[in-house]
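Per-entry structural report
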Amino acid sequence: MSENNDQKFVYDFTEGNRDLKDLLGGKGANLAEMTNLGLPVPPGFTITTEACKVYLESGSEPAALRDEVSAHLDALERKMGKELGQADDPLLVSVRSGAKFSMPGMMDTVLNIGLSDESVVGLARQADNERFAWDSYRRLIQMFGKTVLDVDGELFEDALDEVKAAKKVASDTDLDAADLKKVVERFKEIVKTATGRDFPQDPREQMDLAIEAVFNSWNTDRAKLYRRQERIPGDLGTAVNVCSMVFGNLGPDSGTGVAFTRDPASGHQGVYGDYLQNAQGEDVVAGIRNTVPLADLESIDKTSYDRLMHIMETLETHYKDLCDIEFTIERGQLWMLQTRVGKRTAGAAFRIATQLVDQGLIDEAEALQRVNGAQLAQLMFPKFDDDAKVEQIGRGIAASPGAAVGKAVFDSYTAVKWSRSGEKVILIRRETNPDDLDGMIAAEGILTSRGGKTSHAAVVARGMGKTCVCGAEELEVDTKRRRMTTSAGQVVEEGDVVSIDGSTGKVYLGEVPVVPSPVVEYFEGRMHAGADDADELVQAVHRIMAYADRVRRLRVRANADNAEDASRARRFGAQGIGLCRTEHMFLGERRQYVERLILADTDAEREDALKALLPLQKQDFVELFEAMDGLPVTVRLLDPPLHEFLPDITELSVRVALAESRKEPHENDLRLLQAVHRLHEQNPMLGLRGVRLGLVIPGLFTMQVRAIAEAAAQRIDAKGDPRAEIMIPLVGTVQELEIVREEAEQVIEEVRAQTGVDLRLALGTMIELPRAAVTAGQIAEAAEFFSFGTNDLTQTVWGFSRDDVEASFFTAYLEKGIFGVSPFETIDKDGVGALVRSAVEAGRATRPDIKLGVCGEHGGDPESVHFFHEVGLDYVSCSPFRIPVARLEAGRAAAESKGSDSR
């Protein structure tokens, strides 16, 4: 970042306001705001984030910064009537970080700057408290040594413990001035030994070095990790706040505390916070001494307590939100050191938003912006009891939220068998595949040692609302011996009880108690928001969801493959099905018909296999259309490569070899093995699948289209209102779509003629290949709708194999900042998103009334939903359990867009 000669790098607290967070950081902007409100804030100034950016990019501070700091320090000294570090009555300051977004504890702070061997004596005399002065000096050396000079903090802790042990006391407060003088001398020796230099005695040098240390703390490992976790951009930089010190460690009439205007855990109003007498701020945060509840301050210092309550009310009314406040009392004088909009739990967020509406502080539109889909998702899944005693044995990727407990099983068959006998089970696999679907349905949760958030296990589990932990690589899964071994060598046998937390990725041995979610009961209709037993949280969720539904433009559909999932999705508020994956209808007992189709040597054999599948497919669609009566149902024709419906090649080879050695009949297995070899592809996800299957295997797609058409006709005869849409997958060129469309229209016309029912079935395609997106204008000539398959589109745009890359190198990419978040989790706006945007524009240019939606995993991702609203899609489609999240975020996107338009 280039330096502007006219640029201002330092602002007095009287010059800023809360709207300057980009420049002054959250702490500096809020200190300025409190100053403007006339609240008791110690005087000081803020060095801007722009100065930090120059420092981080060039390696040195802006040329003008030292002079600006000197000018503001001079003004501060005049205001306080004393100079920084002067011998007889020193001005002391704190140097504290303060980024735009709160990063608690991630960056550096140094208190008591200005103390030296000389000025500590003057401070003792002015305060008439020698112990306080030497305690403040030892704190400075300790904090400065650790954060500025990079001295190992444990060296200071050990030295302090030695002095306490020698005096046989447990607490710092039991040390007198003489003891603390010894501590100071020991601390200075530690600094000299560790750094090769004496502790700096020049107060200005202390301040300058502390400012530089705060700049550097922006790029510490912990700060970068926190930013990745919270998705905070890495180029914002931090401001630095230089504030005159006030002291809570002057005696029993002094202290420090943290207050919340409401309970951040529940959202309830009341007096919440902690207070610590005779202490400085870091004592509260570090937990060095036990605090007392904030309410106790009323009996300790009622005047300060009453003043604090008044200020808290002022701040909450002014900010119109829960405020988190830090304060110090210096000999009965209350000082405000910080305020910010407080972090809160998901439940508190919903409660507080509706409470503030009821108080008239915010309107419904603002309340909607105060919550988000991630918070709603947290409320929907059961959670383990935080107070329970647990034995953690591993950790993987939190793939699908929730808490699940059951007996460990290592194959799908056992999962189904045990489940039917009443046992709760956790299906444990190295990785799952479509053959495991029955077991996944039967299990309480799924645990895999491989895979990521978009692996088969993760995607299917989320679709079912099933708890899932993937990629727990420290757990060695041995399916043959039916056991799992931890990194510590502990063995979990089949039948042992395990617990998995899909919200954290943690795996526990034994049963951990869970707490059910009333929010899910509300969405499923088992609890009415107006019922007497409906708690505040359910009522708050109901009110905000009702408003979101009123204002959103995007419709929300479900990815559902059977009537049961469709019914659940409808209860959750789905406005149709955006993706019915017909391949899931060919698993289990129906696999034999697919095997017959693959092994068919003649047209007659192939037609017989298709005829056997037709009535089964038709009945599936009848049930699906009935569950979604009156709402659109988009049915995707068969998409995956056929080898997925055949047995594993290794398993087949062993069976054939054993049969041959025993001279047993094995003709069918041999034919299957030959078929597996024939269908083998180096990269099957880019091979014979999707529309290519329909063009290469005669009758496959027409059988499915006939089943859809006949099911729709049957429902119409039954006075139903089926609204079927037929989707052709993996189209890359309009010619593919035109051929399949012509065949489909012919079949539909045949069914229309046979049944006498006027069928209106829409035909469209998935846009999941870059070429399809680029030629969307041409494809729209033959498509009545597009559904963006963003899972495969992301794979093909990036050149990633979704099932491999998350485990192999995504962690490194995230750590290096190449990704802020996985592109399979949140839409890549610049790459994949650009193709979606251009395809939307081209499609609508060709066919203005074309219907546009998305059915990839991104359809339920909060951030992605906002992007889909922005580019003008008509609907998003996601797994049933993510529907409320998508509804909420669609409402937030609409409200946000409306707010932007009105500004």
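Refer to the structure presented above.
Residues numbered from 1 in each chain as written. Predicted model: local features only at pLDDT ≥ 70, side-chain atom pairs only at ≥ 80, totals over all residues. Heavy atoms only, no water.

**Some points on the environment of Pro862**
Among the secondary structure elements, Pro862 is positioned in helix H34 (residues 862–871). Taking the C-alpha atoms as reference points, Pro862 and Ala374, separated by 488 residues in sequence, lie 7.2 Å from one another. Setting aside residues no more than four positions away along its own chain, Pro862 makes contact with Gly373, Ala374, Val885 and Glu889. (Helix = DSSP H or I, 4+ residues; strand = E, 2+ residues; numbered from the N terminus. Contact = heavy atoms within 4.5 Å.)

**A short note on unusual backbone geometry**
Phi is positive for Asp128, close to 55 degrees, though the residue is something other than glycine. Locating Asp128 in the fold gives a position in the loop between helix H4 (119–127) and helix H5 (130–147). Here Asp128 falls in the exposed class, since its relative accessible area comes to 70%. Non-glycine residue Lys168 carries a positive phi angle of around 60 degrees. Here Lys168 shows up in the loop between helix H6 (153–167) and helix H7 (177–195). Residue class for Lys168 comes out exposed when judged on its relative accessible area of 77%. (Buried < 20%, exposed > 50% of the residue type's maximum accessible area, 1.4 Å probe, protein only.)

**Some words on the pairing of strand S21 (residues 497–501)**
The buried fraction of S21 is high, at four of five residues. Across five bridges, the pairing between strand S14 (residues 403–409) and S21 is antiparallel. Bridged to Ala404 within S21 is Ile500. Remark: four residues form the turn of the hairpin made by S21 and strand S22 (residues 506–509), two consecutive strands paired antiparallel; Gly505 in that turn has positive phi of roughly 85 degrees. (Pairing = 2+ DSSP bridges.)

**Some words on a negative patch on the surface**
On the surface, a cluster of negative charge is made up of Asp152, Glu154, Glu157, Asp158 and Glu162. For Asp152, the position within the fold is in the loop between H5 and H6. Judged by its relative accessible area of 44%, Asp152 is partly exposed. (Patch = residues over 30% accessible without salt bridge, like charges linked within 9 Å, V, L, I, M, F, W, Y side chains within 5 Å. Areas by Shrake-Rupley, 256 points an atom, 1.4 Å probe, with all protein chains shown as cover. Salt bridge = Lys/Arg side-chain N within 4 Å of Asp/Glu carboxyl O. Lys, Arg positive; Asp, Glu negative; His and termini not counted. Charge placed at Lys NZ, Arg CZ, Asp CG, Glu CD.)

**Description of the nonpolar core**
Counting residues in hydrophobic clusters, the biggest one holds 155 residues, and the most contacted among them are Phe350, Leu376 and Val541. Broken down by element, this core gets its largest block of residues, ten residues, from helix H27 (residues 700–717). Other than its neighbours up to four places away in sequence, Leu376 contacts Phe350, Val519, Phe523, Val541, Met545, Pro884, Val885 and Leu888. With 58 residues, the next largest nonpolar core counts Phe9, Ala51, Cys52 and Tyr137 among its residues. (Core = buried A, V, L, I, M, F, W, Y, C linked by side-chain atoms within 4.5 Å.)

**What to know about the environment of Gly789**
Looking at the element boundaries, Gly789 is found in the loop between strand S29 (785–788) and helix H31 (790–798). Residue Gly789 is classed as buried on the basis of its relative accessible area of 4%. As a C-alpha pair, Gly789 and Val41 span 748 residues in sequence and 55 Å in three-dimensional space. Setting aside residues no more than four positions away along its own chain, Gly789 makes contact with Met766, Ile767, Glu768 and Cys855.

**Quick word on the packing of helix H13 (residues 346–358) against helix H20 (residues 536–551)**
The geometry of a pair of packed helices is captured by two quantities: the angle between their axes and the separation between those axes. Packing of H13 against H20 leaves a shortest axis separation of 9 Å and a crossing angle of 70 degrees. Overall, the two elements H13 and H20 adopt an arrangement that is roughly perpendicular. Taken as a pair, H13 and H20 cross one another with a handedness that is left-handed. Within the contact between the two elements, H13 uses Gly347, Phe350, Arg351, Ala353, Thr354, Val357 and Asp358 and H20 uses Glu536, Leu537, Ala540, Val541, Arg543 and Ile544. Across the contact of H13 with H20, the residue classes tally to seven nonpolar, two polar and four charged. (Axes fitted to C-alpha atoms, helices over the stretch in contact; angles between N-to-C directions. Parallel < 35°, antiparallel > 145°, perpendicular 65-115°, else oblique. Left-handed = near helix turned anticlockwise from the far one by under 90°. Nonpolar A, V, L, I, M, F, W, Y, C, P; charged D, E, K, R; others polar.)

**Remarks on the packing of aromatic side chains**
A full pass over the atoms with the stated rule returns 26 aromatic pairs. Between Trp134 and Tyr137, the aromatic rings sit 6.0 Å apart at their centres with planes inclined by 50 degrees, giving tilted as the arrangement. Taken together, the residues Trp134 and Tyr137, both in helix H5 and three residues apart, mark about one turn of the helix. Of the two residues, Trp134 and Tyr137, neither departs from the other in class, the shared state being buried. Seen from their ring centres, Phe523 and Phe572 are 6.1 Å apart, and the 40 degrees between their planes marks the pair as tilted. Of the two residues, Phe523 sits in helix H19 (residues 518–523) while Phe572 sits in the loop between helix H21 (563–571) and strand S25 (577–581), which places them 49 residues apart along the sequence. The exposure class of Phe523 is buried, given its relative accessible area of 6%. For Phe572, a relative accessible area of 0% corresponds to the buried category. Grouping aromatic residues by their ring pairs yields a cluster made of Trp798, Phe800, Phe809, Phe810, Tyr813, Phe819 and Phe824. The ring centre of Tyr11 lies 4.9 Å from the NZ or CZ of Lys8, which sits over that ring. Between the NZ or CZ atom of Arg557 and the centre of the ring of Tyr875, over which it lies, the distance is 3.8 Å. (Phe/Tyr/Trp six-rings, centres within 6.5 Å; stacked < 30°, edge-to-face > 60°. Lys NZ or Arg CZ within 6 Å of the ring centre and 35° of its normal.)

**Description of the side chain of Asp301**
With respect to the helices and strands, Asp301 occurs in the loop between helix H11 (297–300) and helix H12 (302–319). Nearest to the buried, unbridged Asp301 among oppositely charged side chains is Lys302, at 9.4 Å. In terms of polar contacts, Asp301 uses its side chain to reach the side chain of Ser304, at 2.6 Å. Setting aside chain neighbours within four positions, we find Asp301 in contact with Ile329 and Gly332. (Polar contact = N/O pair within 3.5 Å; in protein donor to acceptor, adjacent residues only side chain to side chain.)

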